[in-house]
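Commentary on secondary and tertiary structure
Chain residues, written in single-letter form:
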Amino acid sequence: MGLNIKMRSLLQVVLLSCLSLFADRVVAGDLHEVKAAGVLRHIGVPYANFITISPVNGKLNEAGFDVDIIRGFAAYLGVEYQFVQGESDNVYGLLTGQNAKYIDHKIVFGKRQKIKGDLVAGGATILDWRKNIVDFSDDYFPAGIWLFARSDSTMQPIIPSGSIIDDIKKVKEQLNGREVLGKQYSSLDPALYDLKSAGAHVLHTRADQKLHEMVLLIIQNNAETTLVDVVDGLSALQAWSGEIKAIGPISEAQRMAAVFPKSSPHLRQAFNTYLKKIRADGTFNKIVKKHYPEIFNFYPDYFEQKQTAQKHAS
């Protein structure tokens, strides 16, 4: 009798431990772990229309392009969706357990931290250095870095030549002695585009300033020009019409994707399969049109190529 009581107590301890593990996982989960836990944890940073945070009925509500994409992925897996808000300087640490920055053309690892999510999505640009620490899904959104200036700047928008390399060269030829604002350790880090060698006076935002504040900072005379993701720039041109101008590209064409820890190959593959499905049934383009209706006019080739490739694959 006493032995049975002890066995039941032991089983209860084991059961409670398992429940606790699933409720608060300390590692990023691959597909099996996510399904077992019954929740997909989406790490994201508020940025443009990719992720927005706003108060609704007394609590913060997340929305945006990537939120819709990942909510759909959670439903596809048959699990609950959970949003985990990060910052641009800790988002990869929340995914892998260790922060990393790109400084002087090399990866510098920071302190370890608690893992709080299973994937990152929110205007995440595929960069070569990031591939050393995480894995990317198939790309699903075009990107590129442009130089924007206040309208009173003497810098002039370039006339597109048809060659992105030549266009970048034309922009950099105007940078000697000019202030260029960027954000370290992000896709808007001037170090990624070798702007100092063009004679630019590089400035950096404070760590607490957000990517979507870059244009506002130059309007407020914190610098003459700033680096901006072209998609964010399209929204800025509408919001600040007459106060800013687009000078031209600083980077070659880039791509955005969802980000996974290297320990989650099956979850990444499941996402790629889901992405193919929503491209084929039209759901993906509906989400794009909802949040970025103008993007089809600026990147028609990208979406047409993806649609054609999907039809051939089907």
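Okay, so let's go over this structure. In this convention, every chain numbers its residues from 1, walking through the sequence in written order. Only residues with pLDDT of at least 70 are given local features in this predicted model, and only at 80 or more are side-chain atom pairs given and counted; all residues enter the totals for whole chains, interfaces and linings. Only hydrogens and water are set aside; all other atoms, that is, all heavy atoms of the structure, feed into the side-chain values.

1. Quick look at the packing of helix H3 (residues 65–77) against helix H8 (residues 265–280)
Relative placement of two packed helices is described by the angle separating their axes and the distance separating the axes. Under the convention used in this document: Every axis corresponds to a line fitted to the C-alpha atoms, with the helix fit spanning only the stretch in contact, and the corresponding angles, defined between N-to-C directions, vary from 0 to 180 degrees. Secondary structure elements follow DSSP: runs of H or I of four or more residues count as helices, runs of E of two or more count as strands, with numbering from the N terminus. Angles below 35 degrees are treated as roughly parallel, those above 145 as roughly antiparallel, those between 65 and 115 as roughly perpendicular, and all remaining angles as oblique. Contacts are assigned to residue pairs with any non-hydrogen atoms lying within 4.5 Å of each other. Basically, the charged four are Asp, Glu, Lys and Arg, the nonpolar ten are Ala, Val, Leu, Ile, Met, Phe, Trp, Tyr, Cys and Pro, and anything else, Gly included, counts as polar.
Viewed as axis vectors pointing N to C, H3 and H8 meet at an angle of 105 degrees, and their least axial separation amounts to 10 Å. As far as their axial angle goes, H8 and H3 are roughly perpendicular. Contacts from Asp68, Ile69, Ile70, Gly72, Phe73, Tyr76 and Leu77 of H3 reach H8 at Leu267, Ala270, Phe271, Thr273, Tyr274, Lys277 and Ile278. Residues that form the contact of H3 with H8 fall into these classes: 10 nonpolar, two polar and two charged.

2. Examining the packing of aromatic side chains
Stated formally: Classification of ring pairs rests on two measures: the distance between centres of Phe, Tyr or Trp rings, Trp counted by its six-membered ring, which must be within 6.5 Å, and the angle between planes, read as stacked under 30 degrees, edge-to-face over 60 and tilted in between. Each residue is assigned to one of three classes by its accessible area relative to the maximum for its type, calculated with a 1.4 Å probe on protein chains only: buried under 20%, partly exposed between the two thresholds, exposed over 50%. Only Lys NZ and Arg CZ are tested; either one counts as a charge over a ring when it is within 6 Å of the ring centre and within 35 degrees of the ring normal.
Enumeration according to the criterion identifies 19 aromatic pairs in this entry. With 6.1 Å between their ring centres and 55 degrees between their planes, tyrosine 140 and phenylalanine 271 make a pair best called tilted. Of this pair, tyrosine 140 sits in the loop between strand S8 (135–136) and strand S9 (141–143) while phenylalanine 271 sits in helix H8, placing them 131 residues apart in sequence. We note that tyrosine 140, like phenylalanine 271, is buried. Positioned above the aromatic ring of phenylalanine 296, the side-chain terminus of lysine 289 is 5.8 Å from the ring centre.

3. With respect to the layout of surface pockets
Where we set the bar: Here a cavity denotes grid points, spaced 1 Å and computed from the protein atoms alone, that fit a 1.4 Å probe unable to get out, and a pocket denotes an open set having protein on both sides within 12 Å along at least 5 of 7 lines; residues with an atom within 4 Å of a point are the lining. Grid points are joined across faces, edges and corners, and a volume is the space filled by probe spheres set on the points.
By volume, the largest pocket is sized at about 390 Å³. What lines the largest pocket is a set of 21 residues, and nearest its centre among them are Trp146, Ile164, Ala253, Phe298 and Tyr299. Residue assignment for the lining of the largest pocket shows that the elements contributing at least two residues are helix H5 (164–172) and helix H11 (300–313). Looking at the lining of the largest pocket element by element, the count peaks at four residues for H11. Residue composition of the lining of the largest pocket, grouped by class: 12 nonpolar, five polar and four charged.

4. With respect to H3
Operational definition: Each helix should span, by expectation, one fewer than its residue count multiplied by 1.5 Å.
Taking 1.5 Å per residue, 13 residues should reach 18 Å; H3 reaches 19 Å between its end C-alpha atoms and fits that length. Among the residues of H3, those classed as buried are Phe65, Asp66, Val67, Ile69, Ile70, Phe73, Ala74 and Leu77. Following H3 by one or two positions, glycine 78 has its phi on the positive side, about 80 degrees.

5. Notes on the pattern of salt bridges
Side chains carrying opposite charge are able to pair once their charged atoms draw close together. Heads up, the condition is: Any Lys or Arg side-chain nitrogen located within 4 Å of an Asp or Glu carboxyl oxygen qualifies as a salt bridge.
A full pass over the atoms with the stated rule returns 11 salt bridges. Between lysine 131 and aspartate 128 there is a salt bridge, and its shortest N-O distance comes to 3.8 Å. Judged by its relative accessible area of 44%, lysine 131 falls in the partly exposed class. A salt bridge links lysine 277 to aspartate 281; the shortest N-O distance between them is 3.3 Å.

6. Structural notes on the sheet that holds strand S11 (residues 179–182)
Definition in use: Note: two strands are recorded as paired if DSSP finds a minimum of 2 bridges between them.
A sheet is described by the order of its strands in space; here five strands give the open sequence S12-S11-S13-S10-S14, paired in mixed fashion. Both edges of this open sheet fall to strand S12 (201–204) and strand S14 (244–249), since each of them pairs with a single strand only. Direction aside, neighbouring strands of the sheet carry axes that sit 35 degrees apart on average. Those strands touched by H5 are strand S10 (145–150) and S14, and its axis lies near 125 degrees from that of S14.

7. Overview of the pairing of strand S3 (residues 59–63)
Relative to S3, strand S2 (residues 52–56) runs antiparallel, the two sharing five bridges. Along S3, the bridge assignment pairs threonine 52 with alanine 63. Two successive antiparallel strands, S2 and S3, enclose a turn made up of two residues, where asparagine 57 displays a positive phi of approximately 55 degrees.

8. A closer look at the environment of phenylalanine 141
Structurally, phenylalanine 141 can be placed in strand S9. Judged by its relative accessible area of 0%, phenylalanine 141 falls in the buried class. Taking C-alpha positions, phenylalanine 141 is 8.2 Å from glycine 123, a pair spaced 18 residues apart along the chain. With near-sequence residues (within four places) excluded, phenylalanine 141 lies in contact with Phe50, Phe65, Val231, Gln254, Arg255, Met256, Val288, Tyr292, Ile295, Tyr302 and Phe303.

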